[in-house]
Every structure is written in C-alpha cells, then in structure tokens.
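Structural description and commentary
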Amino acid sequence: MPWSPDPRWRDSDLAFFGAVTAGATHELNNVFSIIEQTAGLLEDWCADPEADVPAGCDKILNVTERIARQVQRGTELVRRLNGFAHSADEPCCNQEMNDLLENLLALMERFAAQRRVRLVFEPAGAPVTLTTRPFILEQAVFLAVSAALAGTAAQGIVTVQLTGGGAGVEITITGAPALPEAELPAAVGAWLGPPLWNLEGRVRTAARAGKYAIVLTIPKISEEVP
Amino acid sequence: MDDIRVLVIDDEEELVTTLVERLAMRGLQADWCTSGPEALQRLEQRHYDAVVLDLKLPGISGLELQRRIQQAHPGVKTLLMTGQGGVEEELARLPGGAAPDIREVLYKPVNIQVLVDKIRTAVKG
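What counts, and at which threshold
Residues numbered from 1 in each chain as written. Chains lettered and ligands numbered in written order. Predicted model: local features only at pLDDT ≥ 70, side-chain atom pairs only at ≥ 80, totals over all residues. Heavy atoms only, no water. Helix = DSSP H or I, 4+ residues; strand = E, 2+ residues; numbered from the N terminus. Buried < 20%, exposed > 50% of the residue type's maximum accessible area, 1.4 Å probe, protein only. Areas by Shrake-Rupley, 256 points an atom, 1.4 Å probe, with all protein chains shown as cover. Lys, Arg positive; Asp, Glu negative; His and termini not counted. Charge placed at Lys NZ, Arg CZ, Asp CG, Glu CD. Contact = heavy atoms within 4.5 Å. Buried area = accessible area lost by both parts, 1.4 Å probe. Salt bridge = Lys/Arg side-chain N within 4 Å of Asp/Glu carboxyl O. Pairing = 2+ DSSP bridges. Axes fitted to C-alpha atoms, helices over the stretch in contact; angles between N-to-C directions. Core = buried A, V, L, I, M, F, W, Y, C linked by side-chain atoms within 4.5 Å. Parallel < 35°, antiparallel > 145°, perpendicular 65-115°, else oblique. Left-handed = near helix turned anticlockwise from the far one by under 90°. Nonpolar A, V, L, I, M, F, W, Y, C, P; charged D, E, K, R; others polar. Arc of directions from axis to C-beta. 1 Å grid on protein atoms, 1.4 Å probe; cavity = no way out; pocket = protein on both sides within 12 Å on 5 of 7 lines; lining within 4 Å. Points joined across faces, edges and corners; volume = space filled by probe spheres on them.

So, on to the overall build of chain B. Looking only at helices and strands, chain B features 5 helices and 7 strands. Reading chain B from its N end, one meets helices and strands in the order β-α-β-α-β-β-β-α-β-α-β-α. Judged by the C-alpha coordinates and their principal axes, chain B covers about 40 × 30 × 30 Å. Residue burial in chain B is summarised as follows: out of 125 residues, 50% are buried. Of the accessible surface of chain B, which amounts to about 5500 Å², a share of 47% is contributed by carbon and sulfur atoms. Of the charged side chains in chain B, 15 are positive and 20 negative, and the gap between their average positions amounts to 4 Å.

If you want it as structure tokens, here you go:
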C-alpha cells in the first residue's frame, strides 16, 4: 500500500488548495442534491392526491427537518471553506491553532470517510496563539494526515493531537504504519521538507506497537508580524 | 407500476431514500443501498435492470463497483451519478475507453424526470 500523500499535493500549493476545495464543494453538491430531492418530494405529494401522506403532519415535518438539517450542514461547510480560503490572506500572522486545525480537519473528514477511517482531533486544553504561516502549516498537516489516512485500514482511526503554547506547538498525527519503521523518517522528511523549511519546523517519526506517529514541531516563527 | 427494477447506490442515505421514493411515485420499482459490498449483495439476491450509482463511494470507487457489476451481471445497465465535474472526459481517458457499459453520466443535483427518462431509455432502448 502506498504510504504517501498524492504527489500533486506535495509539489504545488495550488494543488493542495484545489484538493481541499474540491472535497468541500463535492460535499456541498450532496447538500444541494438532498435539498432539491426533498423539496421535490414535497411537490410530488402536493401533486399526487393518492400520495401516502398521513393526515397528521409527521411525515411533512420529517421532510422539512431534513431540509433544515442540510441547510445547516451546507452553511457550516461554507463557513469552514471560507475560513480555509482566508488562511491564505496573510503569509505570516498570529494564529489560534485549535481553530485552524479544527477547521482544516473538518474539511478533511470527507477524505477520511472515503477510506472509511475516523479522523479524531484532540485540541490543546486552552487556546494557543502562534506566530506562523497558516496556509503553509495547513499544507504540512494536510500532507501528514493524508499519509496517515493512506496507511490506515478501513474502520481505523487517525488522531491529530495539538500540544504546546505561544513559543511553539507539537502536532502529533497517529495512525497505522504501511512502511517498515526504518523507512519512515526518510519518506516523511522528503515530502514534508519544503513546507517545514518555510515554517522553521521539523518532523520526527515514531513507530511502536502497530501504530506510528508523525510529530510536527512548529516554533513561533522568527519573522516579525506586521 | 413499471416493470423496470432499479437499484440506487449512494452513501448519502437521505439522498438515496428520497430518490427511491420519488422513482417509485413515477412507477419504477426502486431499491437503495449505501455501499459497494451491499450493492453486490443486493444484485445477487434479486434481478435489477439498472443501477444508478454514485461515482465516489466509501472504500470502493464507483468505476470499480461498476466493473464488478458488469462482470457478475452483464445485462445490468449502469447510470453514473456524480457531483464531480469533467467525469465524461475522465472516462474517455481511461485505458481502452472503459466507459462503453456506462449508459449515462448524470451530474448532481439530478432532475428526477431526467433520471426517470434516462433509466427507461437505458433499459428499454
């Protein structure tokens, strides 16, 4: 099994941006489809005097609740996608890390669902504001999580844990190995090198008891925030 | 009731159940499921004239599922349903043009009457 993110996502910021956007808009299309079909079902009932709609409103209420639920799902997706898009506004800024990771990982849930893997985020216990390059940090986390998803079997779990404070954070991505332990550091270093260089960060790997972890260490960046 | 029996496969349960109810209101005998393995099992249990399947299913791609369906049940007509743009071009680029068994590519959101017409055309010609 390949244990690597899609090479296109490593080689281009735009490809990474496109992958996240395509995933979210695909999800939005499903939301619109459900709303369209559900509204259509109401129309069908109105047009068909023999439709099996009980005298009580339960069935209709069930359908309108479905529409409301999908509108809420769509609204949240748009909010998250908007937040992701705005992360490219400032090359370097003070960033609340729990929010950044929660948003990115929510957008990645579809990638996990496609592999029938559960993606779990364990935020830091308190808000963590770090001076960093948010868009590049998202790319690094996206690559690491994608690799973990690629190596994890169906029904497995990939966990992303945030620890640390304003001086620097550690982001630990834990999944299942698909490469021998000895090959992990070189493979991970190769595809995470460019974003981590920009983040002044480093990566290490650990593999034990059937699990592996990619640990990203991201310090407060030395550049002054305007 | 039409004599056409169709299986709709999509991992969005609220979408697939609603589609099936609307297809039934238009006279088709429609069943649904939300995964590839379940679809293959249903096809073993009962004859279907057509399957409407989502291109992106968890654990198995719609194209791989379509290939397995065609192998085991060559008479079943396939209509692809997708929220992804440019699928027809992607199908055309597949080695050997792997699209001949796919009767239609429908882009979500799908108009119900268009879907009914496409199913009837695929099955009855």
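Attention now moves to the side chain of Asp44(A). Along the chain, Asp44(A) falls in helix α2 (residues 13-47). Beyond its immediate sequence surroundings of up to four residues, Asp44(A) is in contact with Arg22(B), Met25(B) and Arg26(B).

Now for the interface of chain B and chain A. Of the residues lining the interface, 21 residues belong to chain B; the matching set on chain A comes to 25 residues. Interface of chain B and chain A: buried area, both sides summed, is about 2000 Å²; carbon and sulfur atoms make up 45% of it. Considering only the side of chain B, the residues that lose the most area to chain A are Glu14(B), Arg22(B) and Met25(B), jointly responsible for 27% of the buried surface there. Connecting chain B to chain A are 4 salt bridges.

Moving on: the sheet that holds strand β3 (residues 50-54) of chain B. All names here are of chain B. Pairing in this open sheet of 5 strands is parallel, and the strands run β2-β1-β3-β6-β7 from one edge to the other. In this open sheet, the two edge strands, each paired with only one partner strand, are β2 (29-33) and β7 (102-107). Put simply, the sheet's adjacent strands are angled 20° from each other on average, direction ignored. The pairing of strand β1 (residues 5-9) with β2 spans 5 bridges and is classified as parallel. Opposite Val8, over in β2, you have Trp32 as the bridge partner.

We now examine the pattern of salt bridges. A full pass over the atoms with the stated rule returns 17 salt bridges over all chains. We note a salt bridge from Lys124(B) to Asp3(B), for which the minimum N-O separation is 3.4 Å. With Lys124(B) in helix α5 (residues 112-124) and Asp3(B) in the segment before β1, the pair connects residues that are 121 residues apart, well separated along the chain. Using a relative accessible area of 55% as the deciding quantity, one classes Asp3(B) as exposed. Between Asp31(B) and Arg5(B) there is a salt bridge whose closest N-O contact spans 3.8 Å. Of this pair, Asp31(B) sits in strand β2 while Arg5(B) sits in strand β1, placing them 26 residues apart in sequence. Residue classification places Asp31(B) among the buried residues on the basis of a relative accessible area of 17%. For Arg5(B), a relative accessible area of 18% translates into the label buried. A network of salt bridges, in which partner residues are shared, links Glu27(A), Arg73(A), Arg110(A) and Glu12(B).

With that settled, the discussion passes to the nonpolar core. Residues Ile171(A), Ile173(A), Leu192(A) and Leu216(A) are the most contacted members of the largest nonpolar core, which totals 53 residues. The biggest single contributor to this core is helix α6 (residues 134-151) of chain A, with 12 residues. Beyond its immediate sequence surroundings of up to four residues, Ile171(A) is in contact with Met97(A), Leu101(A), Leu137(A), Val141(A), Val160(A), Gln161(A), Leu162(A), Ile214(A), Val215(A), Leu216(A) and Ile218(A). In this structure, Val8(B), Val16(B), Leu19(B) and Leu106(B) belong to the second largest nonpolar core, which totals 22 residues.

A few words on the packing of helix α4 (residues 97-107) of chain A against α6(A). Residue and element names in this part refer to chain A. Packing of α4 against α6 leaves a shortest axis separation of 11 Å and a crossing angle of 50°. With respect to each other, α4 and α6 are oriented oblique. Between α4 and α6 the crossing geometry is right-handed. Between α4 and α6, the contacting residues are Met97, Leu100, Leu101, Leu104 and Leu105 on the first element and Pro134, Leu137, Glu138, Val141, Phe142 and Val145 on the second. Taken together, the residues of the contact of α4 with α6 sort by class into 10 nonpolar, no polar and 1 charged.

Owing to its 3.6 residues per turn, the α-helix aligns residues three or four sequence positions apart on the same side. Inspection of helix α3 (residues 62-72) of chain B places Gly62(B), Leu65(B), Gln66(B), Ile69(B) and Gln70(B) among the buried residues, and these make up the whole buried set. For α3(B), the angular spread of the buried residues around the axis is 135°, confining them to a single face.

Attention now goes to the layout of surface pockets. Using a probe with the size of a water molecule, rolled over the atoms, empty space left in the structure can be pinpointed. Residue and element names in this part refer to chain A. Quantified by volume, the second largest pocket comes out at close to 320 Å³. Lining the second largest pocket we find 15 residues, and of these Glu27, Leu77, Ala106, Glu109 and Arg110 sit closest to its centre. For the lining of the second largest pocket, the secondary-structure elements that each account for two or more residues are α2, α3 (58-86), α4 and α5 (109-114).

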